[in-house]
Amino acid sequence: MDLRQKFTFNGHSSTDFGLHIDGSGVCNAPERDTDSLVIPGRNGALTVDNGRYGNATVEYAVGLHGDDTQPRIDAVREWLLTAVGYRRLEDTYHPDEYRQARYSGSVEWDINRLARCGEATLTFDCWPQRFLKSGEDVLTVASGGKLYNPTGCAALPLIRLTLTGDAKLNVGGVQMSVAGYTGPMWIDCDLQDAYYNNTNLNKYLTAPEFPVLRAGATQVSWSGGIAKCEVVPRWWRL
């Protein structure tokens, strides 16, 4: 186990507690969500693809030692078990990525009081996406410009517009129309919502669907009153 490696979660780093970690369980991949359908009179089974991936499990084997082992064990339990819902999880094994994770299960330690040390396996239930930190960058796009997805996974971007009048925005062949609104509008293709701050703006937006940024190049163009178009691409990989 290595003190130089670390992970951060729920506002703290593993180094805050002096944890030595082994990241042998950090590369687990999610499974494709499919169902098998058996039809009487037909050999074999059909596979029904549900168009999604299940969650992935990430595990860290951790250890600590010293005269203050028990207080630090208690502090680790409190750190992990008080986290509610999914939180950002980062580690030094994948420095350019992060996950959305929740701590799974209890925190059980194997304690050797004579050697003043303890070991445990910390398990996180994670969304299937390994989000790229570069996908958090705000990209300014000119009409006719292209966005390049560096992964093979279709991303659901946040599109930030500054509107001066009615406009039509085309992203990868999906055309969205905005009418009757001026000012900032954020189009969240993951939430499938248009808003700014706490104001819902869906009534000003018409679109057959929300666009995605597929592998490779996606062209962005518009006509009408768009003074500025910014995109937070949200790249991710499996």
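See above for the structure.
Bear in mind that the values here come from a model prediction, so they are computed numbers and not experimental data. (Residues numbered from 1 in each chain as written. Predicted model: local features only at pLDDT ≥ 70, side-chain atom pairs only at ≥ 80, totals over all residues. Heavy atoms only, no water.)

Novice: Explain the overall build of the chain here, please?
Specialist: Of the regular secondary structure elements, the chain holds one helix and 21 strands. For the chain, the C-alpha radius of gyration of 23 Å lies well beyond 18 Å, the compact-globule estimate for 238 residues. If one aligns the C-alpha atoms of the chain with their principal axes, the spans along those axes are about 75 × 60 × 30 Å. In the chain, buried positions account for 39% of the 238 residues. Contacts in the chain between residues far apart in sequence, at least 24 positions, make up 69% of those at least 6 positions apart. Carbon and sulfur atoms provide 47% of the accessible area of the chain, an area that totals close to 12,900 Å². Treating the 23 positive side-chain charges of the chain as one cloud and the 28 negative ones as another, the clouds have centres 5 Å apart. (Helix = DSSP H or I, 4+ residues; strand = E, 2+ residues; numbered from the N terminus. Rg over C-alpha atoms; globule rule 2.2 N^0.38 Å. Buried < 20%, exposed > 50% of the residue type's maximum accessible area, 1.4 Å probe, protein only. Contact = heavy atoms within 4.5 Å. Areas by Shrake-Rupley, 256 points an atom, 1.4 Å probe, with all protein chains shown as cover. Lys, Arg positive; Asp, Glu negative; His and termini not counted. Charge placed at Lys NZ, Arg CZ, Asp CG, Glu CD.)

Novice: Explain empty space enclosed by the protein to me, please; I cannot follow it from the model alone.
Specialist: Take a probe with the size of a water molecule and roll it over the atoms, and the empty space left behind shows itself. For the coordinates displayed, the defined rule picks out one cavity of 30 Å³ or more. Taken as a whole, the largest cavity encloses approximately 100 Å³ of empty space. Forming the boundary of the largest cavity are Val 26, Val 58, Tyr 60, Leu 89, Glu 90, Asp 91, His 94, Glu 97, Tyr 98, Arg 99 and Arg 130. Counting residues per element, the ones that place at least two in the lining of the largest cavity are strand E6 (56-65), strand E7 (87-91) and strand E8 (97-103). Along the lines of polarity and charge, the residues of the lining of the largest cavity split into five nonpolar, one polar and five charged. (1 Å grid on protein atoms, 1.4 Å probe; cavity = no way out; pocket = protein on both sides within 12 Å on 5 of 7 lines; lining within 4 Å. Points joined across faces, edges and corners; volume = space filled by probe spheres on them. Nonpolar A, V, L, I, M, F, W, Y, C, P; charged D, E, K, R; others polar.)

Novice: So what exactly am I meant to see when it comes to the side chain of Asp 125 here?
Specialist: Tracing the chain through its elements places Asp 125 in strand E10 (residues 117-126). Note on Asp 125: relative accessible area 16%, which makes it buried. A polar side-chain atom of Asp 125 sits 3.0 Å from a polar atom in the side chain of Asn 55. (Polar contact = N/O pair within 3.5 Å; in protein donor to acceptor, adjacent residues only side chain to side chain.)

Novice: Can you walk me through the side chain of Ser 13 in this structure?
Specialist: Mapped onto the elements, Ser 13 comes out in strand E2 (residues 12-13). Within the local environment of Ser 13, its side chain forms a polar contact with the side chain of Thr 15, the two groups lying 2.8 Å apart. With near-sequence residues (within four places) excluded, Ser 13 lies in contact with Lys 6, Phe 7, Thr 8 and Trp 79.

Novice: Is there a simple way to explain the layout of surface pockets in this structure?
Specialist: What the largest pocket holds in volume is close to 570 Å³. Every element with two or more residues in the lining of the largest pocket is listed here: strand E5 (46-53), E8 and strand E11 (130-132). Looking at the lining of the largest pocket, the element that brings in the most residues is E5, giving three residues. Split by residue class, the lining of the largest pocket holds 14 nonpolar, five polar and six charged.

Novice: Can you walk me through the nonpolar core in this structure?
Specialist: Side chains of a nonpolar character, in soluble globular proteins, are inclined to be buried together. Of all hydrophobic cores here, the largest spans 29 residues; its most connected members are Ile 159, Leu 161, Leu 163, Leu 169, Met 185 and Ile 187. Of the residues forming this core, the biggest block, six residues, is contributed by strand E14 (residues 158-171). If we ignore the near neighbours within four places in the chain, the residues touching Ile 159 are Leu 169, Val 171, Met 176, Met 185, Trp 186, Ile 187, Cys 189, Pro 211, Cys 229, Glu 230 and Val 231. (Core = buried A, V, L, I, M, F, W, Y, C linked by side-chain atoms within 4.5 Å.)

Novice: I tried to follow a nonpolar patch on the surface on my own but got confused; where do I start?
Specialist: Together, Leu 37, Ile 39, Leu 46 and Val 48 line one region of the surface with nonpolar side chains, adding up to about 280 Å² of accessible area. If you trace the backbone, Ile 39 turns up in the loop between strand E4 (32-37) and E5. (Patch = residues over 30% accessible without salt bridge, like charges linked within 9 Å, V, L, I, M, F, W, Y side chains within 5 Å. Salt bridge = Lys/Arg side-chain N within 4 Å of Asp/Glu carboxyl O.)

Novice: Looking at this model, I keep getting lost on the packing of aromatic side chains. Mind explaining?
Specialist: The description of an aromatic ring pair uses the distance of the two centres, along with the angle that the planes make with each other. Tallied over the entire structure, the rule returns 12 aromatic pairs. Look at Tyr 181 and Tyr 204: their rings are 5.2 Å apart centre to centre, the planes differ by 35°, and that puts the pair in the tilted class. Of the two residues, Tyr 181 is situated in the loop between strand E15 (174-178) and strand E16 (183-188) and Tyr 204 in the loop between strand E18 (199-200) and strand E19 (205-206); the sequence distance between them amounts to 23 residues. Ring-pair connections join several aromatic residues into one group, and the members of that group are Phe 7, Phe 9, Phe 17, Tyr 60, Trp 79, Tyr 103 and Phe 124. Seen from the ring of Tyr 98, Arg 88 lies directly overhead, with NZ or CZ sitting 3.7 Å from the centre. (Phe/Tyr/Trp six-rings, centres within 6.5 Å; stacked < 30°, edge-to-face > 60°. Lys NZ or Arg CZ within 6 Å of the ring centre and 35° of its normal.)

Novice: Could you clarify how one ought to interpret unusual backbone geometry in this entry?
Specialist: Backbone geometry follows two general trends: most residues other than glycine have a negative phi, and most peptide bonds adopt the trans configuration. Of note, Asn 10 is a non-glycine position whose phi angle comes to about 50°, a positive value. Inspection of the secondary structure puts Asn 10 in the loop between strand E1 (7-9) and E2. Although it is not a glycine, Gln 192 adopts a positive phi angle of roughly 55°. Following the sequence through the fold, Gln 192 ends up in the loop between E16 and strand E17 (193-196).

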